[in-house]
Every structure is written in C-alpha cells, then in structure tokens.
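Here's the letter readout for the chains.
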Amino acid sequence: MTAIPTAARVYILAVVLCAAAAAGPVAAVTPLAAITTALPWASMLLLAVLYAGCELPARYRRAGEPVRVGAGTFFPVLLAAAFLLPPAAAALVSVPGALLGRVDGPPAGVRRVWRAARLALATWAAAHAYLLLGGERTPDAPDFPYALVPALAGALAFFLVLTVLDAGVRATAEGVVPLAGPGGPTPTRSSASPAPHCVHGLAGLMTAVLWGSPYGPLSALFVLLPMYLSCWVFAQYHRERAAHQATIRALVQAVDIKDRYTRGHSERVGRASVLIARELSMAEERLEIVRFAGILHDVGKLGVPTRVLRKEGPLTPEERRVIELHPEYGHEMVRGIRFLGEARAAILHHHERMDGSGYPYGLVGTQIPEFARVVAVADAFDAMTSTRSYRRARPVRVALEELERCAGTQFDPRMVRALVRALERHGWQTAVTSDETAVPLGPPRTTEAPGSGASHQLRTG
C-alpha cells in the first residue's frame, strides 16, 4: 500500500466532511418527507446513474489495457446536475460513479473516497454559483445569450474548487501520487486551464435545457454522446502521441548507451533544431517533426561498431567509411515509423554539404531536404560546443564563427543566420552529463587538424 502522510489524511478527511455537510440537506430528508418535498429525485437518480454508467467502462480492460476516455469527459453530466438540481442534490450525483470508477493504484479506497468528495464539493459550488448569478433551476427555455453567464460562472466555480482541492492534497502529500484517477483528473490535468471547463459548462447547459424540454432526458444524450466520442478520439490521439514519445526515448537511450561520449547530444540537437525552425517561422506542426529529426539524427550509430564510436584519437580511412554509413543505417531503422514524416529524410541527409562534397549521396544546395539542412547546423553547433572523446568543447562564440565561415560550402547560410539570431535571443546552455566534465569557455585543446573546422563533426555528429 502506498503510504499517505498524516497531514494528507487529515486534509482528505476534512474535505470528505465538508462534502458530507454540503449534501446533508438531502440526506436529512426522510422517505416520508421526500414524497412531499420539491426535490427532483427522479432527475437526481437518473443523472447519478448516467454518470456512473459513463465511469464504469474504465474498470474493465480491453486487450490488457484499461478503457480510457479522458480527464473531464463526463463533467458535463455533473454540470448539468448543477444547473438542474438544488446544490445539495447536485453534490450527490457524482458519488456513485466516483466510488465505482477505476483507480490507478493503492490505496484504492482512499482514492475513491477522495475523488467522490472533491467532485461533490465542486458540483455543489457550481450549483451555488449558477443560482447566485440568476440561473434558472430548470432551464427549459433559457434567455440566450444571458443564460450563458450563470452557466460559465458555474463551470468556473467547478474549476476553481478542483484546483484548490488538488493544490491542497499536493501540498499535504508532499510528492505522493495524486489521488484522483480517471474519473477525476489528476491535479496537473484538471488545473491546467479553465477553458475546457467552460466548454463543459456550455455542454452541461445544453444537456440541462434538453433534459427539461418536452423531449425528456433521453434527448440530452444527443449532446453527451458526440462530446463523449470527440473526447475518446482526443484521448486516442494523446495515447498514440505517448507511444511515439516512448519510441523516440527508447531509440535515443539505445544510442546514448552505446556512445557514452555523446550522451545528451541528441536531445540538444533536437532543441537547437527547433530554435532554428522557429526563427524560420515554420508551421507549428512541423516543429515537433524537426525536433524528432534532431533527436534521431544519429540513431544509425546503433549499426556502427562500438570500438569505432569510442575510439580516442583520429579515425583511419576505413573507420571513417564505416561511420559514414550511419545515416543510411538510421534511415533504414526508421523507414517504417510513419509519424516521423520529413524527419526520415533529415536522418538520411544530415551530412550532405551545400557544395556537394557530403555523404551519402553528394546532394547539392536545395537538393538537400530543408530539415536535413536545419539538423546539419544544429548537429555541428552542438558537436563543437560539447566535450568529445577527441577534443574539448569550444565556446559558443567560436562555434558560431566557425559555422559562419563554413556557410555556403558546408551549411545553408539561411540556417546559420537563423541559429545566430535564435541564440542572441534565447542563449544556450549545454547540459553536462555524467560522462563529461564542465569545460570553461576558453581556448580549446583539440586533436583536429588545422582548418578542419566544423567539418570534423562527422566523427560523432
């Protein structure tokens, strides 16, 4: 069982007691009195069943993995309850679903109780905020657009309560895994922005309007079902994106393990590539691909003998020919990874030169793919400003001067200028890894031949 600090347990108990007090007026109604009260019991039970039914799929697994939709997918149901029911009754709607929903680890009981309490309080607060700003209890014919004001106020109150409660549990738990599960988002997801909660508020208002319309509660599903499906698609996208990131990390870690002298190089080249691409005003969706290109540009080193990669001192002509095969090895390795897109060409051609003397195909000028020209500059820059097995790091200023000297022959001048401008604006910090020692920005000790300049980066770049 995961240990929960005493302070966190006290905090959770306090939140649970507050939630119980918020729902107290409903719990105090006796069965006999319920007959004569105006509480909409049928709506409360139907909404609670609907929310619980939305949460239940997360308890089951498909192909060994839990069925996930996304944080906040079912919040419109709770906000609809806040707009339809008295605050005390609305607070109870989330309780069955929160207690039945799936949790991601022990202690399951505490996590479920915490989730139920936080959602109950958030829904209760949303109902009060909605009524305070003049919202109608049963908005069957709301006065648009004025009806949007109390609905948005309710959604923002829902968001603020979740944010405050999550911040409190993080502060008291001091690093314990957040207690909210799929039925209630983790602090980082729920507290990130109020914008999604405003969308949930509008969906909740539409649900409430249809709920009270002549068509009845069934018509409300026409709002909830499309939103559920869109959230499911969005969750699948993020799941696929996470798989992409895991693939990238695995490949980079394999290269770092094999070539310990360039550990961290791939990540820095990815970062420098993005700086150049942003300076060139590339579209946002291309920035991630160029980052992948920078990170994976040396993945072909997995096919190069370790003794060549770790050799200290100059390479023989035969060893140089072997290491020059790494772009082709890398391209073959990532050929089937469709999401890399343009990054595959950059991996293959990042050692081409503008004058045609590069490898593997001797492309000239704009024949070289744009991403490859970006990565070539980023790769050479980081190679020169990092400590390698055959020489020590150069200062950033010296490295930029060398890139400018080689612009037009080895590098695309446009990419070099973009890097210079980006570094003037953002600066550059070279992370020192466990295999490196900090290098002062002074005259470098090098084993390069005089005048070899940036071209020597083919050794490990």
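Every value quoted in this text rests on a predicted model; they were computed, and no experiment measured them. (Residues numbered from 1 in each chain as written. Predicted model: local features only at pLDDT ≥ 70, side-chain atom pairs only at ≥ 80, totals over all residues. Heavy atoms only, no water.)

Some points on the overall build of the protein chain
Assigned secondary structure in the protein chain consists of 19 helices and two strands. The 461 residues of the protein chain split such that 51% are buried. Pairs at least 24 apart in sequence give 74% of the contacts found in the protein chain among residues at least 6 apart. Accessible area of the protein chain: about 21000 Å², with a carbon and sulfur share of 64%. (Helix = DSSP H or I, 4+ residues; strand = E, 2+ residues; numbered from the N terminus. Buried < 20%, exposed > 50% of the residue type's maximum accessible area, 1.4 Å probe, protein only. Contact = heavy atoms within 4.5 Å. Areas by Shrake-Rupley, 256 points an atom, 1.4 Å probe, with all protein chains shown as cover.)

Notes on the packing of aromatic side chains
All told, the structure shown has five aromatic pairs when counted by the stated rule. Consider the rings of Tyr 11 and Trp 114, whose centres lie 5.9 Å apart with planes at 45°: the pair is tilted. Here Tyr 11 is found in helix H1 (residues 6-27), whereas its partner Trp 114 is found in helix H6 (residues 108-132), with 103 residues between them in sequence. When its relative accessible area of 0% is taken as the criterion, Trp 114 is described as buried. Over the face of the ring belonging to Trp 428 we find Arg 271, whose NZ or CZ atom lies 4.2 Å from the ring centre. (Phe/Tyr/Trp six-rings, centres within 6.5 Å; stacked < 30°, edge-to-face > 60°. Lys NZ or Arg CZ within 6 Å of the ring centre and 35° of its normal.)

Structural notes on unusual backbone geometry
Residues Tyr 359 and Pro 360 are joined by a peptide bond in cis, for which omega reads 15°. With respect to the helices, strands and loops of the structure, Pro 360 is situated in the loop between helix H16 (343-349) and helix H17 (370-385). Positioned with a positive phi, Ser 281 is a non-glycine residue whose angle comes to about 60°. Mapped onto the elements, Ser 281 comes out in the loop between helix H11 (265-279) and helix H12 (284-296).

Quick word on the nonpolar core
If you look at the biggest cluster of nonpolar residues, it comprises 53 residues, and the most contacted ones within it are Ile 276, Leu 340 and Leu 403. Broken down by secondary-structure element, the contributors of at least two residues to this core are helix H10 (221-258), H11, H12, H16, H17, helix H18 (396-406) and helix H19 (413-426). Here this core gets 10 residues from one element, more than from any other, and that element is H17. When neighbours within four sequence positions are excluded, Leu 340 is seen to be in contact with Ile 248, Ile 289, Phe 292, Leu 296 and Val 334. Judged by nonpolar contacts, the second largest core, of 36 residues, contains Val 77, Ala 82, Ala 89 and Leu 119. (Core = buried A, V, L, I, M, F, W, Y, C linked by side-chain atoms within 4.5 Å.)

A word on the environment of Val 255
Mapped onto the elements, Val 255 comes out in helix H10. Spatially, the C-alpha atom of Val 255 lies 6.7 Å from that of Lys 301, the residues being 46 residues apart in sequence.

Some remarks on helix H9 (residues 195-211)
Residue pairs spaced three or four apart in an α-helix point in one direction, given the helix's 3.6 residues per turn. Between its first and last C-alpha atoms H9 spans 24 Å; for 17 residues at 1.5 Å apiece the expected length is 24 Å, and the two agree. Every buried residue of H9 is accounted for by His 197, His 200, Gly 201, Ala 203, Gly 204, Leu 205, Thr 207, Ala 208, Val 209 and Trp 211. (Expected span 1.5 Å × (residues − 1).)

Regarding empty space enclosed by the protein
One pass over the structure, following the stated rule, counts one cavity of 30 Å³ or more. Each pocket or cavity is described by its volume, and for the largest cavity that value is around 40 Å³. Lining the largest cavity are Glu 352, Arg 353, Met 354, Ile 368, Ala 372, Arg 373, Ala 376, Gln 410, Phe 411 and Asp 412. (1 Å grid on protein atoms, 1.4 Å probe; cavity = no way out; pocket = protein on both sides within 12 Å on 5 of 7 lines; lining within 4 Å. Points joined across faces, edges and corners; volume = space filled by probe spheres on them.)

A closer look at the packing of H11 against H17
Relative to each other, H11 and H17 sit at 130°, their axes nearing to 8 Å. Viewed along their axes, H11 and H17 adopt a mutual orientation that is oblique. Two packed elements cross with a definite hand, and for H11 against H17 that hand is right-handed. Together, His 265, Arg 268, Val 269, Ala 272, Ser 273 and Ile 276 of H11 and Val 374, Val 375, Val 377, Ala 378, Asp 379, Asp 382 and Ala 383 of H17 make up the contact between the two elements. For the contact of H11 with H17, the per-class residue count stands at eight nonpolar, two polar and three charged. (Axes fitted to C-alpha atoms, helices over the stretch in contact; angles between N-to-C directions. Parallel < 35°, antiparallel > 145°, perpendicular 65-115°, else oblique. Left-handed = near helix turned anticlockwise from the far one by under 90°. Nonpolar A, V, L, I, M, F, W, Y, C, P; charged D, E, K, R; others polar.)

A closer look at the environment of Phe 222
Looking at where Phe 222 falls in the secondary structure, it is placed in helix H10. Residue classification places Phe 222 among the exposed residues on the basis of a relative accessible area of 67%.

A look at a nonpolar patch on the surface
Taken together, Leu 132, Leu 133 and Val 149 make up a surface patch of nonpolar side chains, about 310 Å² in accessible area. Mapped onto the fold, Leu 132 is located in helix H6. (Patch = residues over 30% accessible without salt bridge, like charges linked within 9 Å, V, L, I, M, F, W, Y side chains within 5 Å. Salt bridge = Lys/Arg side-chain N within 4 Å of Asp/Glu carboxyl O.)

Some words on the confidence of the model for the protein chain
Looking at the protein chain as a whole, its pLDDT mean stands at 78, while 76% of the residues score no less than 70. Counting contacts from residues 61-71, a segment whose pLDDT is below 50, to residues more than four positions away or on other chains yields 25 contacts. Segment residues 432-453 is flagged for pLDDT under 50; beyond a separation of four residues in sequence, or across chains, it makes 38 contacts in the model. (pLDDT = per-residue confidence, 0-100.)

Concerning the pattern of salt bridges
Using the criterion set out here, one finds 14 salt bridges in the structure. Residue Arg 286 is joined to Glu 342 by a salt bridge in which the shortest nitrogen-to-oxygen separation is 2.9 Å. Remark: Glu 342 occurs in the loop between helix H15 (326-334) and H16 and Arg 286 occurs in helix H12; sequence separation between them is 56 residues. A network of salt bridges, in which partner residues are shared, links Arg 286, Glu 342, Glu 370 and Arg 414.

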